[in-house]
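# Examination of the molecular architecture
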Amino acid sequence: MTNIDNLKTKYASAISAANGLTELDAVRVAALGKKGEVSLQMRTLGQMSTDKKKVMGPALNALKNDLAALVEARKSVLEGAALNAALASEMLDMSLPVKTDTGTLHPVMQVMEEMAVIFADQGFAVAEGPDIEDDFHNFTALNFPPGHPARDMHDTFFLKPNENGDKMVLRTHTSPVQIRTMMSQEPPIRIIVPGRTYRCDSDQTHTPMFHQIEGLVIDKTTHMGHLKGCLMDFMSAFFETDVEVRFRPHHFPFTEPSAEMDVRYARVGDEIRIGSYNGKMGDKWMEILGCGMVHPNVLKNCGLDPDEYQGFAFGMGVDRLAMLKYGMPDLRDMFAGDGRWLEHYGFSPLLQANLATGLS
Ligand code: PHE
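## Considering the packing of aromatic side chains
- Evaluation of the coordinates by the stated rule reveals twelve aromatic pairs.
- Their ring planes at 70° and their centres at 5.3 Å tell us that Phe119 and Phe124 sit as a pair that is edge-to-face. Taken individually, Phe119 and Phe124 each receive the classification buried, so the pair is uniform in this respect.
- Centroid distance Phe234 to Phe238: 5.7 Å. Interplanar angle 15°. Geometry classified as stacked. You can see Phe234 and its partner Phe238 sitting in helix H9 (residues 224–239), four residues apart, about one turn around the helix.
- By way of ring pairs, the aromatic residues Phe119, Phe124, Phe234, Phe238, Phe239, Phe312 and Phe314 are connected into one cluster.
- Of note, Arg190 hangs over the ring of Phe124, and the distance from its end group to the ring centre comes to 4.5 Å.

## With respect to the site of the ligand
- Surrounding the ligand, one finds 14 residues, the nearest of these being His173, Ser175, Arg199, Gln212 and Gly315.
- The contact in question runs from a nitrogen atom of the ligand to an N or O atom on the side chain of Ser175, over 2.9 Å.
- Contact distances for the ligand include 2.9 Å between an oxygen atom and a side-chain N or O atom of Arg199.
- Computed on the free molecule, the ligand has an accessible area of 330 Å², of which 91% lies beneath the protein chains in the complex.
- The pocket occupied by the ligand, as judged from atoms lying within 2 Å of grid points, is the largest pocket.
- Of all the secondary structure elements, the ones that give two or more residues to the shell around the ligand are strand S5 (209–219), strand S11 (284–294) and strand S12 (310–317).
- Here the shell around the ligand takes three residues from S12, the largest share from any one element.

## Re helix H5 (residues 107–121)
- The end-to-end C-alpha distance of H5, which contains 15 residues, comes to 21 Å, matching closely the 21 Å that a straight helix rising 1.5 Å per residue would cover.
- Here H5 has its buried residues at Pro107, Val108, Gln110, Val111, Met112, Glu114, Met115, Ile118 and Phe119.
- At its buried positions, H5 is contacted by strand S4 (189–198), S5, H9, S12, helix H11 (318–326) and helix H12 (339–345).

## Brief notes about the pattern of salt bridges
- For the structure shown, the criterion picks out 17 salt bridges.
- For Asp131, the salt bridge is made with Arg196, and the minimal N-O distance between the two is 3.9 Å. Within this pair, whereas Asp131 is found in the loop between strand S1 (125–126) and strand S2 (132–133), its partner Arg196 is found in strand S4, the two being separated by 65 residues in sequence.
- On the basis of relative accessible area, Arg196 is assigned to the partly exposed category, the value being 43%.
- Across the pair Glu271 and Arg273 runs a salt bridge, and its minimum N-O distance is 2.8 Å.
- Judged by relative accessible area, which is 44%, Glu271 ranks as partly exposed.
- For Arg273, a relative accessible area of 17% corresponds to the buried category.
- A cluster of three or more residues bridged by salt bridges with shared partners is formed by Arg246, Arg248, Glu260 and Asp262.

## Quick notes on the side chain of His106
- Considering the arrangement of structural elements, one finds His106 in the loop between helix H4 (50–89) and H5.
- Side-chain polar atoms of His106 contact the backbone nitrogen of Val108, separated by 3.0 Å.
- A distance of 2.7 Å separates the side chain of His106 from the backbone oxygen of Met334, its partner in a polar contact.
- Sequence-distant contacts of His106, that is, excluding residues within four places in its chain, are made with Met334, Trp341 and Leu342.

Here is what the cut-offs are and how they apply
- Residues numbered from 1 in each chain as written.
- Predicted model: local features only at pLDDT ≥ 70, side-chain atom pairs only at ≥ 80, totals over all residues.
- Heavy atoms only, no water.
- Phe/Tyr/Trp six-rings, centres within 6.5 Å; stacked < 30°, edge-to-face > 60°.
- Buried < 20%, exposed > 50% of the residue type's maximum accessible area, 1.4 Å probe, protein only.
- Helix = DSSP H or I, 4+ residues; strand = E, 2+ residues; numbered from the N terminus.
- Lys NZ or Arg CZ within 6 Å of the ring centre and 35° of its normal.
- Near = heavy atom within 4 Å.
- Polar contact = N/O pair within 3.5 Å; in protein donor to acceptor, adjacent residues only side chain to side chain.
- Areas by Shrake-Rupley, 256 points an atom, 1.4 Å probe, with all protein chains shown as cover.
- 1 Å grid on protein atoms, 1.4 Å probe; cavity = no way out; pocket = protein on both sides within 12 Å on 5 of 7 lines; lining within 4 Å.
- Sits in = over half its atoms within 2 Å of the grid points.
- Expected span 1.5 Å × (residues − 1).
- Contact = heavy atoms within 4.5 Å.
- Salt bridge = Lys/Arg side-chain N within 4 Å of Asp/Glu carboxyl O.

Put into structure tokens, the structure is as follows:
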């Protein structure tokens, strides 16, 4: 038995003296590994007399278990110490001032911030939805009947059909989030939806991926006058000048009546000036967004009673509004990832848009 006691003392002190995980593992192998001292002792059991085996068997087993437990305990102490050391050496002081000599906010982010600030002031909350949509949310629930030509207008990107033959799509507009919100939230609803949208199209004013911001208001009393007021106020706040708007009748499957809204602008040389500039209102009209009263079928598709609930929706292109406000000539440059362009058109990440000190 003294042999066992000796082994125990020897390895117990080696384990507690081990100062790192590699060192600890070397001790474990020396004691409990295949050719370790304890394992070799256990192999001698076969040659022992039955009586001796009865005593030595359990004793050696206990030794093995005790040492294994000590190794485990030491291991967790060492791991804890390693973690604490890493935490201490890798700590970042988040209260240090940010280095701002490099990096700018992309104009799309800036403009989305500006829009969110203006609509927040009008009581809108931000909602989001997935970029990859099903046919139901992108089309059917929005009152596009199956096979309706309006589906083709959108130049949709389809994904490979799944096992049921259903094709998911890259959402062609942010309107599916109208459906998701009405199906998951009780009215009153007052949301904006900024996000990425996709259509198979590319030229100076179109990119396959672009950004939209959607608006949706649902309650029992909101009417077209509210829609007009909301968008008129938005345009003047966004362009930071007086902006005259007009509404023209239009068609969308998911609104009735539907309208397109134009803003007055002037062309000064190569530049486009929205609204009033130097005290003079522009003399031309430019189409800027689509809108309308939410179609009764859409309300029904979302489980809302159109005799009880009503409201408006609108959708506009964020990138295009950014181009108009900040004078970028080609939409495709926005997503080319050219550092020089970003340096020129980018915004300071520290100057947050707000209505009190100015949007931009
Ligand atoms: N979803 C429409 C589009 O992408 C815009 C729109 C939204 C029109 C909401 C009316 C109401 O063209």
